[in-house]
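Spelled out from the first residue to the last, the chains are:
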Amino acid sequence: MFEKTKAYSGFSVDDIPKAKQFYAETLGLEVSEANGMLTLHIAGSNGVLVYPKGDAHTPASFTILNFPVDDIEAAVDELTARGVEFARYEGMQSDAKGIHRNDGPPIAWFTDPAGNVLSVLQEG
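Thresholds applied
Residues numbered from 1 in each chain as written. Predicted model: local features only at pLDDT ≥ 70, side-chain atom pairs only at ≥ 80, totals over all residues. Heavy atoms only, no water. Phe/Tyr/Trp six-rings, centres within 6.5 Å; stacked < 30°, edge-to-face > 60°. Helix = DSSP H or I, 4+ residues; strand = E, 2+ residues; numbered from the N terminus. Buried < 20%, exposed > 50% of the residue type's maximum accessible area, 1.4 Å probe, protein only.

> Would you take a moment to explain the packing of aromatic side chains for this structure?
On inspection of all chains with the given rule, the structure shows four aromatic pairs. Measuring from ring centre to ring centre gives 6.0 Å for F11 and Y23, while their planes differ by 50°; the resulting arrangement is tilted. Within this pair, whereas F11 is found in strand 1 (residues 10-13), its partner Y23 is found in helix 1 (residues 16-26), the two being separated by twelve residues in sequence. An angle of 75° between the planes, with centres 5.5 Å apart, marks the rings of Y89 and W109 as edge-to-face. One end of the pair, Y89, is in the loop between helix 2 (72-81) and strand 6 (107-111); the other, W109, is in strand 6, with 20 residues separating them in the sequence. For Y89, a relative accessible area of 33% puts it in the partly exposed group. Residue classification places W109 among the buried residues on the basis of a relative accessible area of 12%. Taken together through their ring pairs, the aromatic side chains of F11, F22 and Y23 make up a single cluster.

Structural data, given as structure tokens:
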């Protein structure tokens, strides 16, 4: 039934204008808006739907988007310069920049203005 459908994912935020500014300006993604919702246009995807939940929004307790990069050091430095703060989780060792280098590829987590968790991780 779904073998030819072009599925896409979505997540909620509490403030669409703040989300639009963050995803477009801070992260540099192409973002479109229609019917009070956003679509994040990410290379190779059908888009990611961002929908408003207002005060009913609860941040996701897992990573909702992972952004693979060739150079995690450069990506973390650039995002830090744009005001992004990287999360550090108890029991998970991170370096001074917030990059976790154990148990898989180097990865650094951060949140959007609604508290949803995102990451950059080094490919290869």
